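Single-letter residue listing:
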Number of protein chains: 2
Amino acid sequence: MVAPHLPADARDPLTAALREFAPTGPLVEARLAAAIDQAVAHPGKLVRARLVHAAACVHGADPDHALQLAVAIEYFHIASLLLDDLPCMDDAQTRRGLVCAHRVHGEAPAILAALALINRAYALIGFAMAGEPVPVRLAAMGCLDAALGVAGLVGGQAHDLAFARGEGRPREVGRIAAAKTGALFWLAVYFPALLAQPTGVEGRRLKALCTYWGLAFQALDDWGDVIASRLETGKAGGRDAALRRPNLVHALGRAGARRRLARLVDQAGRMVAALEAERPAWSYLGQFHREFFVANADRLARNAEVLVAA
Amino acid sequence: MVAPHLPADARDPLTAALREFAPTGPLVEARLAAAIDQAVAHPGKLVRARLVHAAACVHGADPDHALQLAVAIEYFHIASLLLDDLPCMDDAQTRRGLVCAHRVHGEAPAILAALALINRAYALIGFAMAGEPVPVRLAAMGCLDAALGVAGLVGGQAHDLAFARGEGRPREVGRIAAAKTGALFWLAVYFPALLAQPTGVEGRRLKALCTYWGLAFQALDDWGDVIASRLETGKAGGRDAALRRPNLVHALGRAGARRRLARLVDQAGRMVAALEAERPAWSYLGQFHREFFVANADRLARNAEVLVAA
């Protein structure tokens with residue numbers, strides 16, 4: 001028995017935009033259309049999309065363009081989940097409280113849905129950034145290439161699968177987490193920050209922040225895998241151990257993993273403070289740090305359950 | 001026994017660029033790196049890449065940018081082949097005279113290799129077009145979205161797979177061929193033509209040309225499937241019938257399919273002539289039409305074997 005997430009609130013502009021910009025239409029083949037619809041109609045908590053939207057608005061993007069950029073980054077994320085769940089990857093049964101797309105609509109429609117979303121994401125970014133200066137657009141393309149390609153999401157997933165065949169050393173766990181989850185923060189934080197044309201110092205701090213947040217997010221997700229029930233995360237619990245996937249709690253033990261998380265949140269907090277001191281425009285990063293990372297680390301320290309928004 | 005294609009000529013700038021721009025590096029996971037390497041080291045005849053390169057050079061692109069655009073379009077094509085060959089799609093055994101990537105390196109590495117190539121293709125296009133005027137870039141993004149997404153390559157593949165479960169009517173065969181192969185000509189012809197900022201009339205003629213060429217190319221490919229031996233195409237012959245995939249020769253019979261091809265080549269020829277009359281810059285299209293389509297249709301009329309460059 002699987003408890004589906006509550007229906008997404010259609011009045012929320014981001015939730016509505018996720019469906020509005022989706023690649024659909026009357027001529028789309030039925031299974032492909034159904035796979036895309038399932039993917040965009042049941043988003044998670046949209047953590048990354050909200051970060052992108054807040055950043056783009058603060059950095060002066062047109063409201064429509066801010067929505068397009070936020071939806072594009074979420075489409076990349078949704079596509080990576082569709083593919084990660086495939087039998088040849090994680091062979092997942094459920095995702096966000098629903099039976100996985102490839103198990104409902106077929107493997108080919110799930111793969112094609114992921115491609116359609118990636119393709120539409122690039123188009124949305126191209127439209128939203130068309131009026132940006134050349135250096136901003138070049139930096140944005142470099143960021144997407146680094147975050148999505150062999151140095152980022154795609155490469156991290158390949159290492160993740162290879163890990164399942166090799167040795168589970170903590171060093172490797174960290175490297176894989178940095179590539180995969182770090183890449184998603186590169187997209188959610190560094191990418192929209194490029195609209196503000198960050199200075200060299202700001203750019204380095206933003207990149208460091210993405211690394212710390214990525215590792216901290218992965219650590220929270222690993223805790224979630226270990227302790228949370230299927231009902232609460234919408235994912236089957238304890239899969240990492242079953243699949244021999246890298247998991248920080250398994251690698252370092254509970255006390256070690258807790259210390260590691262506290263140190264990462266602390267390091268991220270110092271980066272955020274330095275950025276906020278540089279320009280008040282970065283304060284949305286401080287707000288997210290406190291509301292998400294500090295709050296979740298506190299819950300964990302009190303032995304409460306972690307609420308990870310995947 | 002499978003005869004591999006001859007090693008690609010590394011002195012050819014396009015062949016060299018295909019490897020040079022590939023998403024690789026010492027930190028890339030071994031199976032993923034091997035899958036990417038196999039895909040870019042054994043290109044076909046690079047029909048589309050040569051068209052894009054010729055167009056970009058004629059329309060005034062910087063030589064490096066012309067190479068980047070040509071390689072990008074070829075990467076989209078290679079990625080679509082990697083995915084089409086998967087067990088959940090066409091379940092192919094060989095491609096271009098080699099055992100398919102997913103059978104050598106695994107399904108997950110093949111899927112991830114396709115994603116890495118798509119991602120790199122968008123980056124190459126972003127870099128190569130960074131200096132183009134806003135209307136050219138917006139039109140280019142619209143073209144990519146239409147050609148690659150649910151209205152193009154991805155949507156065509158979904159219909160193609162659905163066809164295998166339904167009825168094989170000629171009308172449907174044409175529609176599927178238009179979506180899939182037409183989309184690749186949109187990328188190879190219409191996309192680089194945007195650099196020349198075509199007039200409304202030229203734009204409509206270019207789009208019609210892509211449709212005719214796409215259908216004619218698919219017709220030649222269908223003949224190839226029916227008559228060519230495995231040795232000559234590097235693909236297993238007669239797969240369409242075995243897989244119940246749409247094939248014009250099966251749908252219309254040999255005589256009907258031959259007449260259909262002749263009519264398509266004739267229609268394309270009239271579009272090309274009209275374009276050449278408009279601006280001498282379009283003469284590279286006329287050259288390709290004569291060297292590829294007219295020549296292959298003539299061979300077929302003489303009952304000789306068709307040389308399709310897939």
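Note that the structure is a prediction, hence the values are computed from the model and not measured. (Residues numbered from 1 in each chain as written. Chains lettered and ligands numbered in written order. Predicted model: local features only at pLDDT ≥ 70, side-chain atom pairs only at ≥ 80, totals over all residues.)

Topic: the overall build of chain A
Within chain A, the regular secondary structure consists of 14 helices and two strands. Within chain A, buried positions represent 53% of all 310 residues. Long-range contacts, defined as pairs at least 24 residues apart, comprise 71% of the intrachain contacts of chain A with a sequence gap of at least 6. (Helix = DSSP H or I, 4+ residues; strand = E, 2+ residues; numbered from the N terminus. Buried ≥ 20, exposed ≤ 12 C-beta atoms within 10 Å, placed from the backbone. Contact = placed C-beta atoms within 7 Å.)

Details of the interface of chain A and chain B
Contact with chain A, which involves 42 residues of that partner, is made by 42 residues of chain B. Only α2 (30-41), α6 (107-128), α7 (134-148) and α8 (153-163) of chain A provide two or more residues apiece to the side of chain A that touches chain B. Examining the composition of the side of chain A that touches chain B, we find that 14 residues originate from one element, α6(A), more than from any other. Residue classes in the side of chain A that touches chain B are distributed as 27 nonpolar, nine polar and six charged. (Nonpolar A, V, L, I, M, F, W, Y, C, P; charged D, E, K, R; others polar.)

Remarks on the environment of Asp145(B)
Looking at the secondary structure, you find Asp145(B) in helix α7 (residues 134-148). You can call Asp145(B) buried: it has 21 C-beta atoms within 10 Å. Sequence separation between Asp145(B) and Leu69(B) is 76 residues, and the spatial gap between their C-alpha atoms is 16 Å. In this view, Asp145(B) contacts Asn119(A), Arg120(A) and Ala123(A); residues no more than four positions away in its chain are not counted.

Considering α7(A)
The end-to-end C-alpha separation of α7(A) is 21 Å, in line with the 21 Å expected for 15 residues at 1.5 Å each. Those residues of α7(A) that fall on the buried side of the exposure criterion are Arg137(A), Ala139(A), Ala140(A), Met141(A), Cys143(A), Leu144(A), Asp145(A), Ala146(A), Ala147(A) and Leu148(A). (Expected span 1.5 Å × (residues − 1).)

Observations regarding the domain arrangement of chain A
All names here are of chain A. Taken domain by domain, chain A consists of domain 1 (13-131) and domain 2 (168-310). Taken together, the 23 residues of domain 1 in the interface contact 18 residues of domain 2. Among the elements of the structure, α3 (47-58), α4 (63-84) and β1 (94-95) are those that each provide at least two residues to the side of domain 1 that touches domain 2. When residues in the side of domain 1 that touches domain 2 are grouped by element, the largest group, eight residues, is from α3. Here the side of domain 1 that touches domain 2 is composed, by residue class, of eleven nonpolar, seven polar and five charged. (Domains from an automatic or database assignment.)

Some remarks on the nonpolar core
In a soluble, globular protein the nonpolar side chains are often hidden away together inside. Formed by 218 residues in total, the largest nonpolar core has its most connected members in Ala113(A), Ala216(A), Ala113(B) and Ala216(B). Once residues within four sequence positions are removed from consideration, Ala113(A) is found in contact with Leu32(A), Ala35(A), Ile36(A), Ala39(A), Leu82(A) and Ala101(A). (Core = buried A, V, L, I, M, F, W, Y, C linked by C-beta atoms within 7 Å.)

Brief notes about the relation of the copies chain A and chain B
Between the two copies, chain A and chain B, the superposition gives an RMSD of 0.0 Å; the rotation angle is 180° and the shift along the axis is 0.0 Å. Here the two chains are linked by the operation of a two-fold rotation axis. Proximity to the rotation axis, assessed at the C-alpha, singles out Tyr122(A) in chain A; its C-alpha lies 3.8 Å from the axis. Interface residue correspondence from chain A to chain B reaches 100%, placing this contact among same-surface, isologous pairings. (Least-squares fit on C-alpha atoms with pLDDT ≥ 70 in both.)

Side note on the packing of α4(A) against α6(A)
Packed helices, taken two at a time, are described by their axes: the angle between them and the distance between them. All names here are of chain A. Remark: α4 packs on α6, axes separated minimally by 8 Å, with the N-to-C direction vectors making an angle of 160°. Looking at the two axes, α4 sits roughly antiparallel to α6. For the element pair α4 and α6, the recorded crossing hand is left-handed. Within the contact between the two elements, α4 uses His65, Gln68, Leu69, Val71, Ala72, Tyr75, Phe76, Ile78, Ala79, Leu82 and Leu83 and α6 uses Ala110, Ile111, Ala113, Ala114, Leu117, Ile118, Arg120, Ala121, Leu124, Ile125, Phe127 and Ala128. (Axes fitted to C-alpha atoms, helices over the stretch in contact; angles between N-to-C directions. Parallel < 35°, antiparallel > 145°, perpendicular 65-115°, else oblique. Left-handed = near helix turned anticlockwise from the far one by under 90°.)

What about the environment of Arg258(B)?
Residues and elements named next belong to chain B. Take Arg258: it is sitting in helix α13 (residues 248-278). Arg258 sits in the partly exposed class, given 19 other C-beta atoms within 10 Å. Through-space distance from the C-alpha of Arg258 to that of Arg302 is 11 Å; in sequence the pair is 44 residues apart.

Details of helix α8 (residues 153-163) of chain B
Counting buried positions over the eleven residues of α8(B) gives ten, a clear majority of the element. Of all the positions in α8(B), only Leu153(B), Val154(B), Gly155(B), Gly156(B), Gln157(B), Ala158(B), His159(B), Asp160(B), Leu161(B) and Phe163(B) are classed as buried.

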